[in-house]
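# Coordinate analysis (summary)
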Amino acid sequence: MSDRIFLSSPHMGGSERRYVEQAFTDNYIAPVGPHIPAFEQEFEAAIGRGHCVAVASGTAALHLALRLAGVGPGDEVLCSDLTFIASASPILYQGARPIFVDADPATWNMDLEALEAHLAARRRAGRPMPRALMLVHLYGQPCDMDAVGAICAEYGLTLVEDAAESLGALHAGRQTGTFAPTAVFSFNGNKIITCGGGGMFVAQDKDVADKARFLATQARDAAPHYQHSELGYNYRMSNLLAAVGRGQLEVLAARVEAKRALFAGYRERLGAEPWIEFMPEVPTGRANRWLTCAQLGHDAESGYRLREAVRLALEAENIESRPVWKPMHMQPVFADAPFVGSGADETLFARGLCLPSDTKMTEADLDRVCDVVRRTGREQAR
Ligand SMILES: Cc1ncc(COP(=O)(O)O)c(C=O)c1O
């Protein structure tokens, strides 16, 4: 059996080991240590603006963002529907209620027309506005932040950017995750760079970042003994993981180019097949192409059959692929949550497949994957 080709696995750059060894030398095998502030500062420099707090996961960062946005019991939060559950679960951690907004097939990101129509209808009906908007840059596709910003200003929504998948993706030349008052990134093992798990909370206001750091450190008051005036969390990143993150940051630009080259390689090999349609890139920004995604077939039914046939054929050849995220409004855990839109993302889910996007893949690996996809697609399309 040939070696397994992964969807997106950790790809070390070389310096990570040196930084980790430094942590061992210093015996900073702890949730404190010099790599943490260094990683935060280097990350700030990489994204260009904002104050950063390194935390245990992207999910933890999202929880902090919602808490600091003042989201609490009974509040409503608008949320991208086509996403991983971590965008939505912190809304429930805060005792608030999600309203899921459909995706636009032209971008795969939130359908801004559906969003605006919902908000306008609420205004006409004299209903109160939701507290916040949780916006996802899906698979590294940058949202149109000018349009989103205008909607948030018009309706008084506090914006949180879930940039977990979009490090290195730009809107109008500027890093996603630097437009909203708060944003998050993830360093999960499958992300464009990884710490082996971890996340970054980003605030444009330094006081907000300081408050996040405080809450993430059990909300410990400034006293020699342990004193707590409010409830916090154990959400800080460890020094060891920050050491890995520092090494990874050094190769971020190379990883973005490698991801984009993989996407281009897929499109070159398969783009002429009539049964495959690659995820478009928005004209307003530059995607990081974290995962190369495509829709198969021509409609939900034929697309679903082809997507599963291709996925299983790849698996039989020891190649990992994955259906596009199952929309949140289709998840049993959110069965009661309201949904805004026509259900366009149900079709994206039925037809959508994430192809192996591992930056360690060679041209031969890409050929191997594309041969299976082409063979299966042509067989099924006959
Ligand atoms: C869109 C999105 N949001 C949030 C997260 C959560 O990040 P983490 O796994 O670091 O908690 C992820 C990835 O895992 C994600 O893809």
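So, a few notes on the structure that sits alongside this text. (Residues numbered from 1 in each chain as written. Predicted model: local features only at pLDDT ≥ 70, side-chain atom pairs only at ≥ 80, totals over all residues.)

## Brief notes about the sheet that holds strand β5 (residues 158-162)
Our working rule: Pairing between strands requires that DSSP locate at least two bridges from one strand to the other. Only DSSP runs of H or I with at least four residues qualify as helices, and only runs of E with at least two residues qualify as strands; both kinds are numbered from the N terminus onward.
Spatially, eight strands are ordered β1-β9-β8-β5-β4-β2-β3-β14 in an open sheet, and the strand pairing comes out mixed. On the outer flanks of this sheet lie β1 (51-55) and β14 (339-340), each paired with one strand and no other. Across five bridges, strand β4 (residues 132-136) lies against β5 in parallel orientation. Note that in β5 the partner of Ala132 across the bridge is Thr158.

## Re the packing of helix α5 (residues 112-124) against helix α6 (residues 145-155)
Where we set the bar: The angle between two axes is taken between their N-to-C directions and runs from 0 to 180 degrees, where each axis is a line fitted to C-alpha atoms and a helix contributes only its stretch in contact. Each angle receives one of four descriptions, namely roughly parallel if under 35 degrees, roughly antiparallel if over 145, roughly perpendicular if within 65 to 115, and oblique otherwise. Two residues form a contact once the distance between their C-beta atoms, set from the backbone, is within 7 Å. Amino acids outside the nonpolar list (Ala, Val, Leu, Ile, Met, Phe, Trp, Tyr, Cys, Pro) and the charged list (Asp, Glu, Lys, Arg) are all regarded as polar, and Gly is one of them.
Relative orientation of the contacting elements α5 and α6 amounts to 5°, with a least axis distance of 11 Å. For the element pair α5 / α6, the angle class is roughly parallel. In contact with Leu112, Leu115, Glu116 and Leu119 of α5, α6 contributes Ala147, Val148, Ile151 and Tyr155. Residue composition of the contact of α5 with α6, by class: seven nonpolar, no polar and one charged.

## Regarding the site of the ligand
We count it as follows: In this analysis, residues qualify as near a molecule or strand once their C-beta atom, positioned from backbone atoms, comes within 6 Å of it.
Taken together, 14 residues lie near the ligand, and Ser57, Gly58, Thr59, Ala86 and Ser186 sit nearest. In terms of residue class, the shell around the ligand is made up of four nonpolar, eight polar and two charged.

## Details of the sheet that holds strand β11 (residues 285-286)
Across the sheet, three strands lie side by side as β7-β6-β11; this open sheet has antiparallel pairing. Every interior strand has two partners, whereas the edge strands, β7 (174-175) and β11, have only one.

## Brief notes about the packing of helix α10 (residues 300-316) against helix α12 (residues 363-381)
Which entries qualify depends on this criterion: Helix crossings fall into two classes, left-handed where the near helix is turned counterclockwise from the far one by less than a right angle and right-handed where it is turned clockwise.
Packing of α10 against α12 leaves a shortest axis separation of 9 Å and a crossing angle of 140°. As far as their axial angle goes, α12 and α10 are oblique. Classified by chirality, the crossing of α12 by α10 is right-handed. Here Arg305, Leu306, Ala309, Val310, Ala313 and Leu314 of α10 come into contact with α12, specifically with Val369, Val372, Val373, Thr376, Gly377 and Gln380. Partitioning the contact of α10 with α12 into residue classes produces eight nonpolar, three polar and one charged.

## Here we look at the nonpolar core
So the rule is basically this: A set of buried residues drawn from Ala, Val, Leu, Ile, Met, Phe, Trp, Tyr and Cys, joined through C-beta atoms within 7 Å, is what defines a nonpolar core. Residues with at least 20 neighbouring C-beta atoms inside 10 Å of their own are called buried, those with 12 or fewer are called exposed, and the rest are partly exposed, where every C-beta is derived from the backbone. Segmentation of the chain into domains, including their bounds, is taken from an automatic or database domain assignment.
Membership of the largest hydrophobic core comes to 109 residues, with the highest contact counts inside it found for Val55, Val184 and Phe201. Tallying contributions element by element places helix α3 (residues 58-68) first for this core, with seven residues. When residues of this core are sorted by domain, at least three fall in each of domain 1 (16-251) and domain 2 (253-381). If near-sequence neighbours (up to four positions away) are discounted, Val55 is found in contact with Ala60, Ala61, Gly199, Met200, Phe201, Ala216, Tyr235, Arg236 and Met237.

## Examining helix α2 (residues 35-47)
We count it as follows: The span expected for a helix works out to 1.5 Å for each residue beyond the first. This arc describes the spread of directions from the helix axis toward the C-beta atoms.
For α2, built from 13 residues, the straight-helix expectation of 18 Å at 1.5 Å per residue is met to within 8% by its first-to-last C-alpha distance of 18 Å. Within α2, burial applies to His35, Ile36, Phe39, Glu40, Phe43 and Ile47. Down the axis of α2, the smallest arc covering the buried residues is 135°, so these residues share one side. Turned more than 90 degrees away from the buried face of α2 sit Gln41 and Ala45, all of them exposed. Gly48 sits one or two positions beyond α2 and adopts a positive phi of about 95°.

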